Amino acid sequence: MTTSSGTEALGDAKSSSIFERSLVGLPADPETLRALHGRVPLHLVSGMPEDELTAVLAQRGLTPFFASVAGAPKHKREVFRRILDVGGLAAEEALALGDSTTEFEAARDLGIPFFAIVAEGTPDFFPPDVPRLDDLSGFPALVAR
């Protein structure tokens, strides 16, 4: 599900990850977040206004899963760059997951590898060479590799 309030997380492929999805449909169920928590720092970056984003996370009890949270009006590329800098990570040590071209372009501009999240039955606007996942349910296994 792609909406104007998509979200994503960013970090080191071995010690953090990026993902992006609409909080309306909560793409990553708490079980997926629990499976990743403590294994990889998750950074949530969203087009949703930051105050709304933090309120939704708090309401759903999801705040503890994220090392940082950033929402609009911040620009995704700038936030990704800050997360890399603060984490002392090279772009190739990070991984981005997202469901819109906004985070794909931000990741590409910075050289961060990217996985598209394209739910079954939704439009796919990503270039053909971009790896895809239907949802985040299999992501913990990917990180374990």
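Residues numbered from 1 in each chain as written. Predicted model: local features only at pLDDT ≥ 70, side-chain atom pairs only at ≥ 80, totals over all residues. Heavy atoms only, no water.

**Comments concerning the packing of aromatic side chains**
Here is step 1 of the chain: Counted according to the given criterion, the structure contains three aromatic pairs.
Here is step 2 of the chain: Here the aromatic rings of F104 and F114 are separated by 5.4 Å at their centres, their planes lie at 65°, and the arrangement is edge-to-face. With F104 in helix 4 (residues 101-110) and F114 in strand 7 (residues 114-117), the pair connects residues that are ten residues apart, well separated along the chain.
Here is step 3 of the chain: Classification of F114 by relative accessible area gives buried; the value is 8%.
Here is step 4 of the chain: Here F104 and F126 contribute two aromatic rings whose centre-to-centre distance is 6.1 Å and whose plane-to-plane angle is 85°, an arrangement assigned as edge-to-face. Note that F104 is positioned in helix 4 and F126 in the loop between strand 7 and strand 8 (132-133), a separation of 22 residues in sequence.
Here is step 5 of the chain: A relative accessible area of 12% places F104 in the buried class.
Here is step 6 of the chain: Every member of this aromatic cluster is reached through a ring pair, and the members are F104, F114 and F126. (Phe/Tyr/Trp six-rings, centres within 6.5 Å; stacked < 30°, edge-to-face > 60°. Helix = DSSP H or I, 4+ residues; strand = E, 2+ residues; numbered from the N terminus. Buried < 20%, exposed > 50% of the residue type's maximum accessible area, 1.4 Å probe, protein only.)

**Considering the pattern of salt bridges**
Here is step 1 of the chain: This model, assessed by the stated rule, comprises six salt bridges.
Here is step 2 of the chain: For D109, the salt bridge is made with R108, and the minimal N-O distance between the two is 3.8 Å.
Here is step 3 of the chain: A salt bridge links R132 to D124; its shortest N-O distance comes to 2.5 Å.
Here is step 4 of the chain: Of the residues examined, D124 reaches a relative accessible area of 37% and is grouped as partly exposed. (Salt bridge = Lys/Arg side-chain N within 4 Å of Asp/Glu carboxyl O.)

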